[in-house]
Amino acid sequence: MSTTEAESSSTSKPTSSVAASHRISVHTHIHGLGLNDEGEVDPGVNSCGLTGQVLARQACGLVVDLVAMQQLAGRALLLVGPPGTGKTALAMAMAQELGRNDSQHTPHPFCPMVASQVYSKEVKKTEVLMEHFRKAIGLRIREEKEVYEGEVTELTVEETNDPLAASGIGKTISHVILGLKTAKGTKTLKLDPTIYDSLAKESVTVGDIIYIEANSGAVKRVGRSDSFATEFDLEAEDYVPLPKGDVHKKKQVVQDVTLHDLDAANAQPQSSGSRDVMSVLASMGKPKKTEITDKLRQEINKVVNRYMDQGVAELVPGVLFIDEVHMLDMECFTYLNRALESDLSPIVVLATNRGVTPIRGAPETKSPHGIPVDLLDRLLIVPTYPYEKDEMAQILAIRASTEQLVIDDDALQHLAERGVTTSLRYAVQLLTPAHIVAETHGRSKITVADVQQVDDLFLDGKSSSQRLMLAAAATGGSLYMT
Ligand SMILES: Nc1ncnc2c1ncn2[C@@H]1O[C@H](COP(=O)(O)OP(=O)(O)OP(=O)(O)O)[C@@H](O)[C@H]1O
């Protein structure tokens with residue numbers, strides 16, 4: 001959950017559940033579908049990190065438009081194609097496109113899961129699905145709040161003798177003096193000692209821009225004042241300008257949350273009164289999600305609908321991506337069919353690399369992609385295809401620059417060739433080890449020799465399975481027997 005101000009949304013930190021991580025992950029280089037205004041892949045338009053898969057990208061762009069026109073209710077998208085052909089990347093790009101089309105540029109949630117995650121000993125399959133559905137539905141809540149806002153100019157803790165201290169010489173906080181400055185003026189506040197905890201939790205120091213909600217005393221650190229921007233050469237801080245207006249004012253505060261955030265925050269902790277030590281220990285390992293009941297979800301939905309009717313809240317539908325969908329069973333497919341009909345539903349993107357295969361839980365029934373025909377009927381199916389060498393080289397070049405690695409052209413071409421014979425994932429995975437090898441030779445640029453050296457050290461999936469098959473043939477079926 002997070003709180004941001006409407007006026008400074010460009011500098012606000014997105015929510016932990018709604019925003020993508022800033023670390024370099026496998027899809028960091030993807031920023032959207034890279035389509036022009038006509039919804040086509042166009043060499044003159046920024047490709048947003050995606051290469052090739054032209055038809056699939058255009059089809060996904062259309063689906064994003066259908067969502068904007070609220071024409072996708074009850075349906076979902078199915079991406080089918082071999083492993084490593086960008087199915088996850090496309091689903092993520094769709095979530096980013098939804099955010100881009102949004103007039104407020106609100107980040108739309110992207111909730112990826114693998115179908116086999118539903119099989120847990122502790123939680124029902126449909127419960128896992130429901131939780132992911134709700135993680136993929138965002139809510140933007142706007143509230144007018146009375147706040148004290150400004151750059152901290154003074155933060156003094158006044159202490160007094162603690163009458164409760166056993167030794168009689170202990171100290172306790174009597175109040176906190178806080179100086180706040182805006183472009184228009186300054187104010188010194190004498191605050192209750194309880195606010196000191198909130199200030200400490202947000203690690204507030206002099207020079208930070210903060211606001212305190214007048215009603216609740218909740219403190220929010222917005223960032224560091226930009227007059228301190230030259231303090232250090234390297235900084236992980238967000239610098240924000242000095243707020244305009246008075247220190248004490250009414251302000252529109254925007255909170256981005258997901259329905260799951262609301263469920264979790266409102267879930268009743270189990271009553272501790274009659275519990276013994278064993279039950280307390282047993283509950284330690286249990287995820288909190290078991291406490292979220294259907295009744296609670298219905299209550300939350302009612303409140304959310306009321307807020308939306310009043311114009312206080314706005315729905316931000318995200319993307320729920322279910323990979324390896326053929327791993328779901330009949331019960332899950334029935335649930336999916338029903339969930340797609342709901343008013344509060346995200347865009348559901350399913351992916352599989354299977355052809356005609358038995359449906360899990362009904363081995364006698366074979367179906368395309370292991371999906372029952374009634375659900376299949378509701379799906380828009382988009383194929384993805386293996387990459388050519390040139391596309392492979394482009395993706396590798398994008399990945400290298402995202403990971404800030406320098407690779408010479410011959411090495412890139414060699415790696416792309418290996419990618420075609422093995423897989424894109426394997427080729428991408430060789431980049432970092434090849435960089436380490438280059439560094440041990442005192443170079444910062446990866447050469448063909450570095451790629452060959454790491455390629456000799458590791459096995460790709462195809463070679464490994466060929467090796468196992470040969471070993472199995474030689475040992476009469478038992479692998480690794482001497
Ligand atoms: N067209 C593309 N442009 C840029 N990067 C791509 C493209 N396709 C795939 N990638 C990158 O290649 C890697 C593998 O792709 P991804 O995980 O999306 O494949 P997938 O089809 O979902 O595979 P699987 O079926 O195994 O889940 C990721 O790092 C992804 O970002």
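How each quantity is defined
- Residue numbering note: each chain is counted from 1, following its sequence as written.
- Only residues with pLDDT of 70 or above have their local features reported here, since the model is predicted, and side-chain atom pairs are shown and tallied only from 80 upward, although totals for entire chains, interfaces and linings are computed over all residues.
- UniProt positions are given in the numbering used here, feature names are shortened, and annotations may be inferred rather than shown by experiment.
- We call two strands paired when DSSP finds no fewer than two bridges between them.
- Every helix listed is a DSSP run of H or I at least four residues long, and every strand listed is a run of E at least two residues long, numbered separately from the N terminus.
- In this description, a line fitted to the C-alpha atoms serves as the axis of each element, helices being fitted only across the stretch in contact, and the angle between N-to-C directions of two axes falls anywhere from 0 to 180 degrees.
- Any pair of residues counts as being in contact when their C-beta atoms, constructed from backbone geometry, are within 7 Å of one another.
- Residues are counted as near a molecule or strand when the C-beta atom, derived from backbone positions, lies within 6 Å of that molecule or strand.
- Under the convention adopted here, Pro, Cys and the residues Ala, Val, Leu, Ile, Met, Phe, Trp and Tyr are nonpolar, Asp, Glu, Lys and Arg are charged, and Gly plus all remaining residues are polar.
- Any residue whose C-beta has 12 or fewer other C-beta atoms within 10 Å is treated as exposed, any with 20 or more as buried, and any in between as partly exposed, C-beta atoms being built from the backbone.
- Every helix has an expected span of 1.5 Å times one less than the residues it contains.
- Oblique is the label for any angle not covered by the other classes, which are roughly parallel (under 35 degrees), roughly antiparallel (over 145) and roughly perpendicular (65 to 115).
- Left-handed describes a crossing in which the near helix is turned anticlockwise from the far one by less than a right angle; the clockwise case is right-handed.
- We define a nonpolar core as a collection of buried residues of the types Ala, Val, Leu, Ile, Met, Phe, Trp, Tyr and Cys that are connected via C-beta atoms lying within 7 Å of each other.
- Known as pLDDT, the predictor's per-residue confidence is scaled from 0 to 100.
- The arc in question is the one spanned by the directions pointing from the helix axis to the C-beta atoms.

The name given to the protein in an unreviewed UniProt entry is RuvB-like helicase, and the organism recorded there is Seminavis robusta. According to the UniProt record, the Subcellular location (unreviewed entry) comment for the protein reads "Nucleus". What UniProt records for the protein under Catalytic activity (unreviewed entry) is the sentence "ATP + H2O = ADP + phosphate + H(+)".

**A word on the sheet that holds strand β12 (residues 319-323)**
The strand order β3-β12-β13-β2-β16 describes an open sheet built from five strands, whose pairing is parallel. Only two strands of the sheet have a single neighbouring strand rather than two, namely β3 (110-114) and β16 (379-383). Within this sheet the neighbouring strands show an average axis-to-axis angle of 20 degrees, counted without direction. One ladder, built from five bridges, connects β3 with β12; its direction is parallel. The residue of β12 that forms the bridge with Met 113 is Ile 322. Against the sheet, helix α2 (residues 87-101) contacts β2 (76-80), β3, β12 and β13 (347-352), and its axis sits at roughly 175 degrees relative to β12.

**Here we look at unusual backbone geometry**
Phi is positive for Cys 48, close to 55 degrees, though the residue is something other than glycine. Here Cys 48 is to be found in the loop between β1 (2-5) and α1 (54-68). The backbone of Gln 404 sits at a positive phi, close to 55 degrees, despite the residue not being glycine. Within the secondary structure layout, Gln 404 lies in the loop between α10 (389-402) and β17 (406-407).

**Thoughts on the site of the ligand**
Lining the immediate surroundings of the ligand are 22 residues, of which Pro 83, Gly 86, Lys 87, Thr 88 and Ala 89 lie closest. Those elements that provide at least two residues to the shell around the ligand are α2 and α12 (424-440). Residues belonging to the shell around the ligand are distributed by class as follows: nine nonpolar, 10 polar and three charged.

**Notes on the environment of Leu 50**
With respect to the element layout, Leu 50 can be found in the loop between β1 and α1. Overall, the presence of 26 C-beta atoms within 10 Å leaves Leu 50 in the buried class. It is 42 Å that separates the C-alpha atoms of Leu 50 and Ala 473, two residues lying 423 residues apart in sequence. Leave out the neighbours within four places in its chain, and Leu 50 touches Ile 30, Leu 33, Gly 34, Arg 57, Ala 89 and Ala 93.

**Notes on helix α14 (residues 461-474)**
Each turn of an α-helix holds 3.6 residues, which means side chains three or four residues apart point in the same direction. Here α14 contains 14 residues, and its C-alpha end-to-end distance of 20 Å stays within 8% of the 20 Å for a straight helix at 1.5 Å per residue. When you tally the buried positions in α14, you get zero out of 14 residues, a small fraction of the element.

**Observations regarding the packing of α1 against α2**
If you want to describe how two helices pack, look at the angle between their axes and the distance between the axes. Two elements in contact, α1 and α2, have axes whose closest approach is 10 Å; the angle formed by their N-to-C orientations is 40 degrees. Considered as vectors, α1 and α2 are oriented oblique to each other. Relative to α2, the crossing made by α1 is right-handed. Residues Ala 56, Arg 57, Cys 60, Val 63, Val 64, Val 67 and Ala 68 of α1 form the contact with α2, whose own contacting residues are Leu 90, Ala 93, Met 94, Glu 97, Leu 98 and Asn 101. Among the residues making up the contact of α1 with α2, the classes are represented as 10 nonpolar, one polar and two charged.

**Some points on the nonpolar core**
Among soluble globular proteins, nonpolar side chains are generally buried collectively. Cys 60, Ala 93, Met 94, Val 319, Val 349 and Leu 350 are the most contacted members of the largest nonpolar core, which totals 59 residues. Discounting residues that sit within four places of it in the chain, Leu 350 has contacts with Ala 76, Leu 78, Ile 322, Val 325 and Leu 379. Ile 395, Ile 407, Leu 412 and Ala 438 belong to the second-largest nonpolar core, a separate cluster that totals 23 residues.

**Some thoughts on the environment of His 326**
Locating His 326 in the fold gives a position in the loop between β12 and α8 (330-341). Classification of His 326 as buried rests on a count of 20 C-beta atoms within 10 Å. With 141 residues separating them along the chain, His 326 and Gly 185 place their C-alpha atoms 62 Å apart. Each residue touching His 326, except ones within four places of it in the same chain, is listed here: Thr 352, Arg 354, Thr 357, His 369 and Gly 370.

**Notes on the environment of Val 67**
Residue placement: Val 67 occurs in helix α1. In this view, Val 67 contacts Leu 72, Leu 98, Pro 317 and Ile 347; residues no more than four positions away in its chain are not counted.

**Examining the confidence of the model for the protein**
If pLDDT is low for a region, its predicted coordinates should not be looked at in detail. Here the protein averages 82 in pLDDT, and 85% of its residues register 70 or above. Confidence drops under a pLDDT of 50 for residues 1-22, and excluding neighbours within four residues, the segment shows 47 contacts in the predicted structure. Scored below 50 in pLDDT, residues 271-281 makes one contact in the model with residues more than four places away or belonging to other chains.

**Side note on helix α7 (residues 294-309)**
Compared with the 22 Å implied by 1.5 Å per residue over 16 residues, the 22 Å span of α7 between its first and last C-alpha is a close match. Listing the buried residues of α7 in full gives Arg 297, Ile 300 and Val 304. Down the axis of α7, the smallest arc covering the buried residues is 60 degrees, so these residues share one side. In α7, the exposed residues that point more than 90 degrees away from the buried face are Lys 295, Gln 298, Lys 302, Arg 306 and Asp 309. Buried positions along α7 lie against β4 (137-161), α5 (259-266) and β11 (313-317).

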